[in-house]
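# Analysis of the macromolecular model
If you want the building blocks of each chain, they are given just below.
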Amino acid sequence: MFDFLKYHPFAVKAFFESSIVLTYAVPKEKLEKLIPPFLEVDTHSDRYGFVAVAMVQTKHLRPASFPHVLGNDFFLIGYRIFVRYTSANGKRLRGLYILKSETDKKRMELLGNIFTQYKYTTTDIQQQQRAGVLTISSVASDFEVEMNIAAADIAMPHGSPFKEWKEARRFAGPLPFTFSQVPDERKVLIVEGVREHWQPSPVQVIKHHFSFLDSLSLKGAVLANAFIIKDIPYYWKKGKLEQWK
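My aim in this report is to walk through the structure given alongside it, one point at a time. This one's a predicted model, so the numbers in the text were calculated from it and none came from an experiment.

Each value, and the rule that gives it
- Residues numbered from 1 in each chain as written.
- Predicted model: local features only at pLDDT ≥ 70, side-chain atom pairs only at ≥ 80, totals over all residues.
- Heavy atoms only, no water.
- Pairing = 2+ DSSP bridges.
- Helix = DSSP H or I, 4+ residues; strand = E, 2+ residues; numbered from the N terminus.
- Axes fitted to C-alpha atoms, helices over the stretch in contact; angles between N-to-C directions.
- Contact = heavy atoms within 4.5 Å.
- Polar contact = N/O pair within 3.5 Å; in protein donor to acceptor, adjacent residues only side chain to side chain.
- Phe/Tyr/Trp six-rings, centres within 6.5 Å; stacked < 30°, edge-to-face > 60°.
- Buried < 20%, exposed > 50% of the residue type's maximum accessible area, 1.4 Å probe, protein only.
- Salt bridge = Lys/Arg side-chain N within 4 Å of Asp/Glu carboxyl O.

## A closer look at the sheet that holds strand β13 (residues 204-210)
Backbone-to-backbone hydrogen bonds join strands into a sheet, with any given pair of strands oriented parallel or antiparallel. The sheet built from four strands is open, its strands ordered β7-β8-β9-β13 with antiparallel pairing. Strand pairing shows two members of the sheet lacking a second neighbour, β7 (126-130) and β13, which therefore form its edges. For this sheet, the mean inter-axis angle between neighbouring strands, taken without regard to orientation, is 10°. Here β7 pairs with strand β8 (residues 133-138) via five bridges, running antiparallel. Bridge pairing in β8 places Q126 opposite S137.

## With respect to the environment of R92
On the secondary structure map, R92 appears in strand β5 (residues 92-103). Ignoring any residue separated from it by four or fewer positions in sequence, one finds R92 in contact with E40, R84, Y85 and T86. At 2.7 Å, the side chain of R92 and the side chain of E40 are in polar contact.

## Regarding the packing of aromatic side chains
Ring pairs (aromatic) are described by centroid distance and by the angle formed between their planes. Within the structure shown, the criterion is met by 18 aromatic pairs. The interplanar angle of 50° and the centroid separation of 5.4 Å between the aromatic rings of F38 and W244 together place this pair among those described as tilted. With F38 in the loop between α1 (28-32) and β2 (40-41) and W244 in the segment after β15 (240-243), this residue pair connects regions lying 206 residues apart in the sequence. Of the two residues, F38 and W244, neither departs from the other in class, the shared state being buried. On the basis of an interplanar angle of 10° and a centroid distance of 5.3 Å, the ring pair of F50 and F162 is categorised as stacked. Here the residue F50 occupies a position in strand β3 (residues 48-63), and F162 occupies one in the loop between β9 (143-148) and α3 (165-168), the gap between them amounting to 112 residues.

## Concerning the pattern of salt bridges
One pass over the full model with this rule turns up 11 salt bridges. Between R92 and E40 there is a salt bridge; the shortest N-O distance is 2.7 Å. Of this pair, R92 sits in strand β5 while E40 sits in strand β2, and the two are 52 residues apart along the sequence. According to the relative accessible area criterion, R92 is partly exposed, its value standing at 44%. Taking relative accessible area as the criterion, E40 reaches 37% and is therefore assigned partly exposed. Connected through salt bridges with shared partners, the residues D42, R84 and R94 form a single ionic network.

Here you go:
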């Protein structure tokens, strides 16, 4: 009866204190089986697709019509695939398909699963920073990433398909759109994000492990890039439903 609530029925605002994204290159055929038929994998050299882990510290997340004092602060983790979609009017759109979302607050899980289809669960999050090295980890979700966020002249990750950071930036996110499939219907939900002054900086990753990625059996996956941004206002428009063929 209230399924319409899951279709992003209102615009949302938030402030990103930080957003760290690790993007993995995967043979494209490994990702094709993880996305709905109306999407296609966004590729590099027609060989690699990309799955990213975004770790975001948000503040004042709220419906856009609410004042920021009524917002909530959450840590969010999103596992998503870079995809393309051809809209009903023939436009080619780049965006993301959400595989899984995690947060450090039960409140965000409840609200997120009422108003989105992003499959939120609550988990523990630990953050520790010492001498420029930031570690983010979770016991319940079995992941850990350690990064030198103070390093300069950072080399591309070993095995990355990109030759330089400028090239890698194209698959760093965020992309303008996020796509979801409406269950049991031939409809796609499109949510457009709007941001300003988005200037990500490369991050040196010391070690990384995400149990969820391991569960996807993405043989041949390699870390392709890692970026950080700080202090960015962000805005999601109201969701739009569209029939797909």
